[in-house]
Each structure stands twice: as structure tokens, then as C-alpha cells.
Number of protein chains: 2
Amino acid sequence: MIDATEARERVVEAADRLFYARGVQAVGMDAVRAEAGVSLKRIYALFPSKDDLVVAVLHGRRAQWNAGIAASAADAASARDRILAIFDFLDAWFRRPDFHGCAFINVFGELSGGAPGVARVVREQKEAFGEYVAQLVRDAGAPDSLAPQIAILAEGAQTTAAIGDDPEAAAQARAAAATLIDAALAA
Amino acid sequence: MIDATEARERVVEAADRLFYARGVQAVGMDAVRAEAGVSLKRIYALFPSKDDLVVAVLHGRRAQWNAGIAASAADAASARDRILAIFDFLDAWFRRPDFHGCAFINVFGELSGGAPGVARVVREQKEAFGEYVAQLVRDAGAPDSLAPQIAILAEGAQTTAAIGDDPEAAAQARAAAATLIDAALAA
DNA sequence: CTCTCCGGAGAACGATCGTTCTCTCCCTGT
DNA sequence: ACAGGGAGAGAACGATCGTTCTCCGGAGAG
């Protein structure tokens, strides 16, 4: 038998793969069990319901997102470059073969009606990202009004890249962001 | 009994209301029957399957979108104003109490895995909108590279407004679009 | 070695859903 | 008035899903 921590990890990772690839409602708990190699009994001991598992998956995605953004910003010299690094991170993500959209947006569209806990996590993630961008904008010395514009570009790039299956959206959004930053700093 | 055309309209409108409010998978065909006041037998005579009904609903949404965009652009004096009119249309839409996101994006996130016909309609809609924006950009005399930037702002405004439940995203995206247009024309 | 207990495999259960079928009624043509 | 056909109401059917329960084997304590 395996350790409880490892079982939890394996279940969350398996659920993430399946939910992201096929959608939450299209994946049965039995498919999660098969992919994770953890019995249903064990899964339900770790997560009281499927919704709780979805929330755990989103928490994992949030950690991955934050780590990716931070790594991309690490070797940027200025706040301006750290803002643009967001779009470099998106660019690399969009080019991964399994990419098909932001998991938070997808799950929100699918479950926001019936699962308030899930909707809350999605909202928290988007709020936290907005706060991160706002801090970078302040560091760059640009007016606060720039921050939501950058966040909207990042959101739009994700859905455009997903639906159009076109990774170019990252570069297009990056160019737009650069223009907006320069205009905001010149004002 | 009612005319076949009217039955079709009533079914599509009822399905649109229910699908948009609760999600496609969360609404059973029996709920559509109750809301439309059209028997299941009749519904299945008009639409061979639920997926076909979803496609019909999206076609209706596309017509509404095009009409709304056209109406908003109607009293704009220049191509630049017709581009900005897109965001005025979004602003009015975001403020409607039943707004919770772009139906195309929501449905895409929910069904793109299992319903290729649905995914196709969503892709067509986004492509058509991109083409509309590209034409306006050409009319304004701006470089082609501006068009996808505007489209990304529109997409981002929709998801941001939906998840954050904040209609301000339209005005923020509009301001960003104005800055981008002016920068593109000055270059 | 034996008893006990924990966990895995998977059957079972109740609910729901998409789709079809049956039964009945009403409208129409003659 | 009467036969026939189409439409509505809703039961029926088969499949699936989330969740729980049963049964059995195997590991560890005495």
C-alpha cells in the first residue's frame, strides 16, 4: 500500500489530466480510480465528494500557474519585463500539445451554476492574478488603470489560443501589452 | 397545435435560456420541453439530438451577437469609432442581470471534448468576429497586426466580466483599445 | 499459527438523462 | 357520423454516474 500523501498526489494528478482533457462531467470517478491506481474507497476517504476533488485539482493548477509565472519573471530585469514575462509564459504554455484553454475558465463555464465552492476557487485565482499584475504595474511606476488592461489581455489570449488553436495569441497579446505599458509610462 | 416554425423558435429560445443559465449538461431535455411547452416527440422531430439543439442555440446567439454589434456600430462616424462601439455593446451586455459570460466560450469549455459539431460552430463564430474586426482595422488605415489585439481584448473582457462579475471590464478594454488604435495609427 | 483489522476490487444502489414507445384524444375528410 | 392519422402526455428503456457496501485476501500482533 502507498502513503496517504502519495495517494492524494496521484489522485489529484490523475483527475487533473482527465478533467482537463475531457471535462469534469464527462469523467467518471471510476476513470479517476483507473488512472490513479487508487481504489474508490481510498479516493472517497481523501475527498468527500467529486466537487472536493475538483477544488483540489484547481488548487494544484493554481500552484503550477504561480510557479510558472514566477519562473518566467525570475530573469527579468525590470517591472516592465516582468509584466511581459507573463506573456512569454503563456506562449510556452500555448505551444504544449495538450493545451486547450485555461482550466479555471473551462471549469467555471461548466460548473459555475451548480458548484459554488468551485466558482469561489476560480474567482480567487483570477483575483490573485489581478493583484499580482497590479503590484507589477505599481513597481513599473504606471497608473493603476493599466493593471486590468494587462489582465484582460492575458485572459483574452488564453481563450483565443484555446478556441482558435493558435499559439500566436500570446505574441499578439504581448505586443499589445508592450504598447499599453509604453503609452501609460509616457503619459 | 402550433406552426412548425414557431415550435422551432420556442424550443430554441427555451433551450437558450436554460442552457445559458445552468449549463448544457445540467439541463435535461424534459426541462426544455417544460420551458418551451413543446412535446418531446416534437422536439426530437425538429432536432435529431441534443447536440443539434445546442448547435441551433449557438446559431441563434450568433445572429443576436451580429445584430447587436451592427446596431452599436450604426451610429459611429469613423472606423475607429466602430471598433470602439464593440466595447460599448459589451458594456451594455455585461450590465444585463442575466449575463454570465460568453455562451460560446462556456459551451466550448463544457463540450469541446465530446461534440465536434459544437466546437466547429464556436470556432466559426470567433473566426467571423476576427474577420469583422480585421475589416474595421483596414478601414481605419491601421496595420493588420492591430486586429487580433482588439479581438483578444474583447475576449478577455467577456471572461473577466463573467468570472469577476464586474462590468467595468468593458470600459477597461475600451480604453486599452483606444490606446492601441492611436498607437497603431501614429506609427 | 491464529486472530484481527485494514485496504482493494468491484458489485450494488438510487438517481438522472437522452431517446423511444405507447396510449389516448382530437381534428379532419367524406 | 365515422374512420384514420397525427400530435401530446408521459411511461419506459438502457446507459451512466456518484456514492456506498460487501466480500475477501493479506499483513501484523500475540
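Residues numbered from 1 in each chain as written. Chains lettered and ligands numbered in written order. Predicted model: local features only at pLDDT ≥ 70, side-chain atom pairs only at ≥ 80, totals over all residues. Heavy atoms only, no water.

### Some remarks on the domain arrangement of chain A
All names here are of chain A. Stated formally: Domains are outlined according to an automatic or database domain assignment. Two residues qualify as a contact provided that any one of their heavy atoms is within 4.5 Å of a heavy atom in the partner residue. Buried area: the sum, over both parts, of the accessible surface (1.4 Å probe) that disappears when the two are put together. For this analysis, a salt bridge means a side-chain nitrogen from Lys or Arg found within 4 Å of a carboxyl oxygen belonging to Asp or Glu. Here a polar contact is recorded for every N or O atom pair within 3.5 Å, except that within protein the pair must consist of a potential hydrogen donor and a potential acceptor, and residues adjacent in sequence are included only if both atoms are side-chain atoms. Residues were grouped as follows: Ala, Val, Leu, Ile, Met, Phe, Trp, Tyr, Cys and Pro as nonpolar; Asp, Glu, Lys and Arg as charged; and all remaining residues, including Gly, as polar.
Segmentation of chain A into domains returns domain 1 (1-47) and domain 2 (58-186). Between domain 1 and domain 2, the C-alpha centre-to-centre distance is 28 Å. Between domain 1 and domain 2, the residue contacts involve six residues of the former and 11 residues of the latter. Summed over both sides, the interface of domain 1 with domain 2 buries roughly 700 Å², with 47% coming from carbon and sulfur. In this assembly, domain 1 and domain 2 are joined by one salt bridge. For Arg61, the salt bridge is made with Asp16, and the minimal N-O distance between the two is 2.7 Å. Scanning the region where domain 1 abuts domain 2 turns up five residue pairs in polar contact (both at pLDDT 80 or more). When grouped by side-chain class, the residues that make up the side of domain 1 that touches domain 2 number three nonpolar, two polar and one charged.

### Quick word on the pattern of salt bridges
Any two side chains of opposite charge can pair, on the condition that their charged atoms come close. We apply this condition: Strands here mean DSSP runs of E at least two residues long; helices mean DSSP runs of H or I at least four residues long; both are numbered from the N terminus.
Scanning the model with the defined rule gives 26 salt bridges over all chains in all. Asp182(A) is paired through a salt bridge with Arg80(A); the nearest N and O atoms lie 2.3 Å apart. Pair noted here: Asp182(A) is in helix α9 (residues 168-186) and Arg80(A) is in helix α5 (residues 79-94), with a separation of 102 residues, a long-range link. One salt bridge connects Arg17(B) with Glu35(B), and the closest N-O pair in it is separated by 2.8 Å. Separated by 18 residues along the polypeptide, Arg17(B) in helix α1 (residues 4-22) and Glu35(B) in helix α2 (residues 29-36) bring together distant segments of the chain.

### What about the protein's contact with DNA strand D?
Operational definition: Any residue with a non-hydrogen atom lying within 4 Å of a molecule or strand is treated as near it.
In the vicinity of DNA strand D, 12 residues are found, and the nearest of them are Gly28(A), Met29(A), Tyr44(A), Lys50(A) and Arg42(B). In DNA strand D, the atoms that sit within 4 Å of the protein are 68% sugar and phosphate, with bases accounting for the remainder. At 2.7 Å from a phosphate oxygen of DNA strand D is found a side-chain nitrogen or oxygen belonging to Tyr44(A). The contact in question runs from a phosphate oxygen of DNA strand D to an N or O atom on the side chain of Arg42(B), over 3.5 Å. Only α3 (40-46) of chain A together with α3 (40-46) of chain B provide two or more residues apiece to the surface near DNA strand D.

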